[in-house]
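A closer look at the structure
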Amino acid sequence: MEKILGRMILFAAATIVAAQFMVAQVRIRDPKQAIDEGYTKKIREYTTEPFFNSPWTDYLPASATVPTPKAVLGDVAGAPNKLPYSTDVYRYMRMLERATGRVKVVSIGTTEEGREMIAVAVASERLIADLEQNRSRLARLADPRLINMDDAEAERLVAASVPIYYITGSIHAPETGAPTALMELAYRLAVDESPAIQAIRDRLVTLITPMVEVDGRDRQVDVYNWHLAHPGQNWPNLIYWGKYVAHDNNRDAMALTLKLTQNVLKTFIDWKAQVLHDLHESVPYLYDNTIGDEPYNAWLDPILTDEWQMIGWHNVSEMTKLGMPGVFAHGDFDTWSPGYLMFLAATHNGISRLYETFGNAGADTLERTLTPQQYGRTWYRQNPPLPKAKWSQRNNNNYEQTGLLISLDHFAENSKLFLRNFYLKSKRSIDKPKNEGPAAYVFPADDPRPGGQAELLRILQLQGCEVVQAAAPFSVTMRKAKSDKDDKTEKNEKTEKNEKKEPATEAVQFPAGSYLVRMDQPYSRVADMLLDYQYWSPNDPQRRPYDDTAWTFGEFGNVKVVRITDVKVLDAPVRKLQAPLQAPGGIRGQGTVFVVNHNSDNALVTLRYKLRNARMDAAEEPFEFQGVKFNRGSFVIRGVSPGELRPVVSDLGLQAIAASEAPSVVTHPIRAARLAVVHTWLTTQDEGWWRHAIDNASIPFTYISTQAVARDSNLRSKYDVIIFPPAGRNTPQAIVAGMPMWGNALPWKKTPETPNIGNLDSTDDMRPGLSWTGVDNLKNFVQQGGVLLGSMNTSDLAITFGLAPGVSIAPKQKFKATGTALRTKLVDASSPLVYGYTDNLAVYCFECSIYNLSNLANGGGQRPAVEPERTTGRGTKDDPDLPQGRPVVDLPEIPKAEAWEALPLTDEQKRNNTAVIPPEFRPRVVLRYADTKELLVSGLLDGASEIAQHPAVVDVPVDRGHVVLFSNNPMWRGETQGSYFLVYNAILNFDSLNAGRKKSDEAVTPSAGR
Ligand SMILES: [Zn+2]
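Residues numbered from 1 in each chain as written. Predicted model: local features only at pLDDT ≥ 70, side-chain atom pairs only at ≥ 80, totals over all residues. Heavy atoms only, no water.

1. Things to note about the sheet that holds strand 6 (residues 286-288)
The strands making up a sheet associate through hydrogen bonds between their backbones, and the pairing can be parallel or antiparallel. Taken together, 8 strands build an open sheet; the order of strands is 1-2-4-3-5-8-6-7 and the sheet is mixed. Each having just a single partner strand, strand 1 (103-110) and strand 7 (327-328) make up the two edges of the open sheet. One ladder, built from 5 bridges, connects strand 3 (residues 164-168) with strand 4 (residues 205-209); its direction is parallel. In the sheet register, T168 faces strand 4, and the bridge partner there is T209. Its contacts with the sheet place helix 8 (residues 178-191) against strand 1, strand 2 (116-122), strand 3, strand 4 and strand 5 (275-281), and it is angled at close to 155° to strand 4. (Pairing = 2+ DSSP bridges. Helix = DSSP H or I, 4+ residues; strand = E, 2+ residues; numbered from the N terminus. Contact = heavy atoms within 4.5 Å. Axes fitted to C-alpha atoms, helices over the stretch in contact; angles between N-to-C directions.)

Printed below as a string of structure tokens:
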């Protein structure tokens, strides 16, 4: 290995000579350019090998008036042991702004914790002075309707305009290099007088957000400083990045739930930028995943995917010529999901780009050893990284800046081409109805969930889409919906006549007040992408989807969305709507009793908590009242005045019917439960999405760790409901065990040296897990009447450690669902968990667990996939065998049950068996997965039959309380708003979950329960 390494380095050194030979050709540095000698010396000192730098960045231009990053850092960008806080980075950017007319800093919003986000524009003085006029020209290219789609006018605008190249750094907090690289890049672009840099400055505006995850950056600097202060010790991993989520802050570009995504999108749209180039760190040494791997997102304009190839390969090629090893494109990132931050450009007629450079998660200089997968040569990586090398943050900054400067140079050279493409992509988005279609998406006015509908439409408005409302009823031609019966008649007709039929169509009418998202608008592609269905073939050559394969917003949101191809829809009379769109709410009628329909709109749970002192009851059956039909679970509200109620329901978009008397229907109280949300110290990534949803619904909760659960033997005195959201990919055993206890303690708390951590939760030592005491405490909590709700691996934990008798987990054979939408069926519509739901809800499944039920506490729910066949003997296949020479006896019945049910107990099982679960404590299946044929809604599904019909959501009564198990994840990335209320129902009905439970007719054994 050593020998090979030596040879490779020799080879690399040789290519450096060649690269330097080519410097003149690539016209990088002007020999007349004054150089900052001291800074340049440090760059060379901190770069571990000469070939880890380039002629673009191996010097720093000098300026008599503009301060270098050293003014703030005390050293050069990428220096060892130095990570600046956000305030330092901003201070430097504002120093630049004061020192030169070539830099302008703007505030683009704040984070959840109130930290500022900025964008820094760098260009020539002339372009900086012309920013507003340039913006107004770009706005007309971005929306060609403003120039009546006039190509000649567009050409004039292109000639007069320059593009905006938007670079974003450090969205992933432990990927630490970008802020200093971008400080230095801004300086270079502002002061270097080399022809290449001048050309960049004159031909485009570079826009820089030095860090996207500002909250996470400051925490990461804290943790890194702790590490510097405690040499030789293990240091805590960054358990919290932003307030809510960690790595998934880069999966928010669809639902736009996080401030950082909203701020970057707003900046991208306001500036009418052409590129969004996001900087990450993981793969050695520079993986330009602009191009990516297949499958490509199916809704993009092919012009964009051509631009990816052009830009990506140019980047690789130029850096290869400079002799820098380990620069490549393609890799294993597929561009299917539009959830990544950079994809905001792809979905808004721009160009998305992403770099993975190599980082050490801090500013330590380290000897790094790569795996064969990382250093191997392959067709897309002909010049791979070295198997072993010393790597510094400065190396990282060299690679990042070299790649960016080459990109800016290329974009400046071709600025008119890219502006023309920008116009073309915008124009083709507006032309969508007459080309590939659809013409529009319609959200019918009679959707039973107006609140859910408004939630989804608000997301589209945030995406920059125009939403309009039909001023009158309208009708369109649609393909006839197929039923089984139609299928059969069609088939028969075909065989009889043996001729092809045109697909049957029908006229469909939509009521006035229906919402439309027309596709003849510049951002039609993002609406089409979010609202359409996805199909990922199980036979796709790409075996490892990079992320979710489905996101169909109408399905996950439980909102009716109709895809219309008939262009006549564009003639419907409409009126424009302001953002944010709101469902209408108010009170109808007179009286002191109010009834609100339960339609599973998320605002209903907020209503309960907003009016804490009101008495609210839930109807246990559907009913009719004042001529209106109400669902099971509907709220009957008393003890609040109309004056108090009206503003709340108006604000929440809920309709209340007032009356002098309550409807005559069986009810139970719905109380404002005392809620705790549990997190581990292993990961908080996935539970963050739950906290985000629960915070948005204004439900107060106590946030506790598994360690706090272990310390508290009387959880029931404090909480009614404990929600334990999924804990990443950890096994139940790992959640109990925590981290290994050798080595030093790993503190996560606020101290003078770590002022930015410990605000969400804190501990002296992150290592201990839930422990057996914690499991016991949860069990006691449930036995004393609490409700414990788990999802995915935390449900698995409850099952594995005996908190959910009668439920077991089946091993998987071929089953695969990678972020897929699966259809469910209601099994028990009278359970409070599904109040407000009609059938066929789509749920999010990521390799969800396959549950089996049993009436025995020790499981035993497994059953053969196929019915046993008869053995060899007399008669036909369907006859019984008959032993000879004795009278015939009847065979005992073999117990049978559906896949979501427990098998009935046999007499043998019932006899003297302590494992028999008393009927009132048997698991109650509320939702199950649909049959194999209708299971897949959207995305990738293989081995469907393994999970088809099996339980999805199960309520397990345990003594006086309940354990509620979700095999799916009902709260995911702000995308699954349609399944949130399954969780809220558990909270609202925590002490009445047995409502509507069917009495078992099975003989009851002496019961231990009440
Ligand atoms: Zn990253």
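We are not done yet, so read on.
2. What about the sheet that holds strand 18 (residues 574-576)?
Taken together, the 5 strands give an open sheet; going across it, the order is 17-11-15-12-18, and neighbouring strands pair in antiparallel fashion. This sheet does not close on itself; its edge strands, each paired only once, are strand 17 (562-564) and strand 18. Averaged over neighbouring strand pairs, the angle between their axes works out to 30° when direction is ignored. Sheet topology note: the strand 11 (residues 440-443)/strand 15 (residues 515-518) ladder contains 4 bridges and is antiparallel. Note that in strand 15 the partner of A440 across the bridge is R518. Seen against the sheet, helix 19 (residues 524-531) touches strand 11, strand 15 and strand 17 and runs at an angle of roughly 55° to strand 11.

3. Details of the nonpolar core
Judged by nonpolar contacts, the single largest core of 161 residues is most densely connected at M93, L141, Y399, F443, L460 and F553. In terms of residue count, helix 8 provides more of this core than any other element does, 9 residues in total. Among all residues touching M93, those that are not within four sequence positions of it are V103, V105, I118, V120, L182, M183, A186 and P210. Within the second largest apolar cluster, 88 residues are counted, among which are A603, C848, A948 and F966. (Core = buried A, V, L, I, M, F, W, Y, C linked by side-chain atoms within 4.5 Å. Buried < 20%, exposed > 50% of the residue type's maximum accessible area, 1.4 Å probe, protein only.)

4. Details of the pairing of strand 2
Strand 2 sits mainly inside the fold: 6 of its 7 residues count as buried. Sheet topology note: the strand 1/strand 2 ladder contains 7 bridges and is antiparallel. Following the sheet pairing, V103 is matched in strand 2 by V122. Pairing of strand 2 with strand 4 involves 3 bridges; the strand directions are antiparallel. The residue of strand 4 that forms the bridge with A121 is L207.

5. Structural notes on the coordination of the zinc ion
The protein atoms donating to the zinc ion are H172 (ND1), E175 (OE), E175 (OE) and H280 (ND1), with metal-donor distances spanning 2.1 to 2.5 Å. Around the zinc ion sit 4 donor atoms; with metal-centred angles ranging over 55 to 151°, the donor geometry is irregular. Each donor residue of the zinc ion lies on the same chain, and together they follow the pattern H-x2-E-x104-H. Note on accessibility: H172 and E175 belong to one class, buried. (Donors = N, O, S within 2.8 Å, 3.2 Å for Na, K, Ca; no water. Tetrahedral: all angles 85-135°; square planar, octahedral: opposite > 155°, others 65-115°.)

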